[in-house]
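In case you want the letters, here they are:
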Amino acid sequence: MPAPRFPLRAVAALFLERQHLARPHARRFTPSRLVRFVEDAGGLQLDSINVLDRAHYLTVWSRFGPYDRARLDRLVYRRRALFEYWAHAACLVPASHLGPWRRAMLDYRLRHTGWSSWLRRHRRTLDLVTEAIRANGPAGTADFEHRRPSGRGGWWSWKPAQHALHYLWMTGALAVHSRPHFQKRYDLAERVLAPEPGVDAPSTEAFRAWHVERSLHAMGAATDTDLARYLTFPRMGPGVRRAALRRLVEAGLAVEIEVIGSRSRWLVLARDLPALRRAARRRPGSRGTTLLSPFDSLLWHRERVERLFGFAYRIEVYTPGPKRVHGYYTLPILHDGQLIGRVDAKAHRAERRLAVRGVHFERWFATGGVPPAAVWGAIEQDAALAGVADALWSLARFTGADQVDLGRVVPGRLRGPLGRALRAAAVTPPPSRSAPAVHAVLEVAGGPATGRRGRRPLDGDVGQHAVVIRRPPDRTGPARPVEDDAARDDPPGHARSGNE
């Protein structure tokens, strides 16, 4: 029997749906929606870079728009709806997945033999750190003052207590209790993570099948390479992954499909075939506009993104400044199912200002052409620019800014239309807010050699004026009201312990 055939746009549309990007910013943040998103995606990546905001806060904003960060923190570090572990990288993963991840923790002791030498020399350190936390409660690296070993730099120059905390976390003896100022504090796992009664760690073989199934679910349909690059922890050799996948196929849980125009082998969960057929009929793949964190789960495997959307993306944070093409911290622009460009932005919190240092649109979008991969139809340029303007103002509100500075736009002829769209969006009341409309001030500041009055030009913006768009300061808080009732922070089925 021939394999079912699907167009590339069906795979792209289902991927967007599983990543909760089918209608970005259309639904407000709630605990149940957050948990469903992380369950579907498999993880919410953490990263320390704070140019705009932490990666996990931005990834949630990309789906729901402005929300109260403290509410997300309560769900993680008080309600324990999510917990920290390694999935693609350091991530928040759902508490409902604790059982399978327990197996990864147990197997870490056997798989990661690179620790052997260190463990032989520092077994006493592990015991001391564990007993200190058992006796005194949550602790971070700063609570253990040991001399840093001499020698070459890098990760292995950590002081012994840091090694111990990391090893005990990865093996499941400790869990992240809280993150004041984004600094991890650990406690005994049994005091942080309360497993459901009767839920035990599966066998290693069952865990591998679960791991592949979760990756397939998150992507909708995937190649063998996609499966290796999505949930990258724990690492599995190609033979191990193929064996787990073969078991799913033999059990009728996964099937091979043909993707028109692709020579690769594609797989999908059997239960997702109806969803893939519906996705093939969808026009476009998603509706609405948002910006994506560089660490968004949609972008975890960038070669897949290029195959599905024709969008070549590179994180340039670690690229020397003169060699950067698009900017330090660039956010891809998703509009109606297409990645149409990227924004390099920085939040100046003290000044309540969002500096949009550069906007680079894809050539096909700028010229009114056809997207290079999955295609749902033409993109209306004016509507897309209006969507980008709305997304920038939403990001400004989320980062506490009441001013947007527009720097360089590539191609330059789209700078005027984008500036006008930003001005129009500034005088429109934010959604779900009862405040009256405000009047924006549009400044063209400085001359060819300046970016704003008395300031150096924005990076790469020599020869262009900087557009400064101000809105009267809005001190009323998040764009959507936040309930103070703690019970609203409980995900479905979550039982609060007596000490919360």
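Thresholds, definitions, all that
- Residues numbered from 1 in each chain as written.
- Predicted model: local features only at pLDDT ≥ 70, side-chain atom pairs only at ≥ 80, totals over all residues.
- Heavy atoms only, no water.
- Helix = DSSP H or I, 4+ residues; strand = E, 2+ residues; numbered from the N terminus.
- Buried < 20%, exposed > 50% of the residue type's maximum accessible area, 1.4 Å probe, protein only.
- Contact = heavy atoms within 4.5 Å.
- Areas by Shrake-Rupley, 256 points an atom, 1.4 Å probe, with all protein chains shown as cover.
- Polar contact = N/O pair within 3.5 Å; in protein donor to acceptor, adjacent residues only side chain to side chain.
- Phe/Tyr/Trp six-rings, centres within 6.5 Å; stacked < 30°, edge-to-face > 60°.
- Lys NZ or Arg CZ within 6 Å of the ring centre and 35° of its normal.
- Core = buried A, V, L, I, M, F, W, Y, C linked by side-chain atoms within 4.5 Å.
- Axes fitted to C-alpha atoms, helices over the stretch in contact; angles between N-to-C directions.
- Parallel < 35°, antiparallel > 145°, perpendicular 65-115°, else oblique.
- Left-handed = near helix turned anticlockwise from the far one by under 90°.
- Nonpolar A, V, L, I, M, F, W, Y, C, P; charged D, E, K, R; others polar.
- Pairing = 2+ DSSP bridges.

A.B. asks: Looking at this structure, I do not really get the overall build of the protein chain. What am I missing?
C.D. replies: Secondary structure summary: the protein chain contains 16 helices and 16 strands in total. The burial tally for the protein chain puts 54% of its 500 residues in the buried class. A sequence separation of at least 24 residues applies to 68% of the contacts in the protein chain between residues at least 6 apart. Carbon and sulfur atoms make up 51% of the accessible area of the protein chain, which amounts to about 22,500 Å² in all.

A.B. asks: What's the story with the environment of Gln 381 in this structure? I'm lost.
C.D. replies: Relative to the helices and strands, Gln 381 resides in helix α15 (residues 381-398). The sequence separation of Gln 381 and Ala 366 amounts to 15 residues, and the corresponding C-alpha distance is 7.9 Å. Dropping the residues within four chain positions of it, Gln 381 is found in contact with Phe 365, Ala 366, Gly 368 and Leu 414. Only 3.4 Å separates the side chain of Gln 381 from the backbone oxygen of Ala 366, close enough to count as a polar contact.

A.B. asks: In this structure, what is going on with the packing of aromatic side chains? I would like to understand it.
C.D. replies: To describe a pair of aromatic rings, one takes the distance between the centres and the angle between the planes. Applying the stated criterion across every chain, the model contains 18 aromatic pairs. On the numbers, 5.9 Å between centres and 85° between planes, the contact of Phe 29 with Phe 64 is edge-to-face. Within this pair, whereas Phe 29 is found in the loop between α1 (8-18) and α2 (31-41), its partner Phe 64 is found in helix α3 (residues 55-64), the two being separated by 35 residues in sequence. Relative to Trp 300, the ring of Tyr 230 has its centre 4.9 Å away and its plane inclined at 50°; by these criteria the two rings are tilted. Of the two residues, Tyr 230 is situated in the loop between α10 (224-229) and α11 (238-250) and Trp 300 in the loop between β10 (289-291) and α13 (302-309); the sequence distance between them amounts to 70 residues. Accessibility classification places Tyr 230 together with Trp 300 in one group, the buried group. Three or more aromatic residues link up through ring pairs in this structure, and these residues are Tyr 85, Trp 86, Trp 101, Tyr 108, Trp 115, Trp 118, Tyr 167, Trp 169, Phe 207, Trp 210 and Phe 233. Positioned above the aromatic ring of Phe 182, the side-chain terminus of Arg 54 is 4.3 Å from the ring centre. A cation over an aromatic ring shows up here: Arg 69 above the ring of Phe 398, its NZ or CZ 3.9 Å from the ring centre.

A.B. asks: In this structure, what is going on with the nonpolar core? I would like to understand it.
C.D. replies: Nonpolar side chains in soluble globular proteins tend to be buried together. Counting residues in each nonpolar core, the largest one holds 148 residues, and the members touching the most others are Tyr 85, Trp 101, Phe 309 and Phe 361. Sort the elements by how many residues they give to this core and α15 lands first, with 10 residues. In contact with Tyr 85, not counting residues within four places along its chain, are Ala 90, Cys 91, Val 93, Trp 101, Ala 104, Met 105, Trp 169, Met 170 and Phe 233.

A.B. asks: When you look at the packing of α15 against helix α16 (residues 415-426) in this model, what are you seeing that I'm missing?
C.D. replies: Helix packing geometry: the angle between the two helix axes and the distance between the axes. Closest axis-to-axis distance for the α15/α16 pair is 8 Å, and the angle between their directions is 55°. In terms of axis orientation, α15 runs oblique to α16. The chirality of how α15 crosses α16 is right-handed. On α16, the residues touching Leu 385, Ala 386, Val 388, Ala 389, Asp 390, Leu 392 and Trp 393 of α15 are Pro 417, Leu 418, Ala 421, Leu 422, Ala 425 and Ala 426. For the contact of α15 with α16, the residue count by class is 12 nonpolar, no polar and 1 charged.

A.B. asks: Got a minute to help me understand the sheet that holds strand β9 (residues 266-269) in this structure?
C.D. replies: In a beta sheet, neighbouring strands pair by backbone hydrogen bonds and run either parallel or antiparallel. Pairing is mixed in the open sheet, where 4 strands are placed in the order β1-β8-β9-β7. Each edge of the sheet is formed by a strand with only one pairing partner; in this case those strands are β1 (5-6) and β7 (221-223).

A.B. asks: Explain the side chain of Glu 213 here, please?
C.D. replies: The topology assignment puts Glu 213 in helix α9 (residues 204-219). Since its relative accessible area comes to 14%, Glu 213 is described here as buried. A distance of 3.0 Å separates the side chain of Glu 213 from the side chain of Arg 214, its partner in a polar contact.

A.B. asks: Would you explain the sheet that holds strand β2 (residues 44-45) in this entry?
C.D. replies: Strand order in the open sheet formed by 3 strands is β2-β4-β3, with antiparallel pairing between adjacent strands. The open sheet is flanked by β2 and β3 (82-86), the only strands paired with a single partner. In terms of strand pairing, β2 meets strand β4 (residues 90-94) through 2 bridges, oriented antiparallel. From the neighbouring strand, Leu 44 faces β4, where its bridge partner is Leu 92. Strands β2, β3 and β4 of the sheet are contacted by α2, whose axis makes an angle of about 115° with β4.

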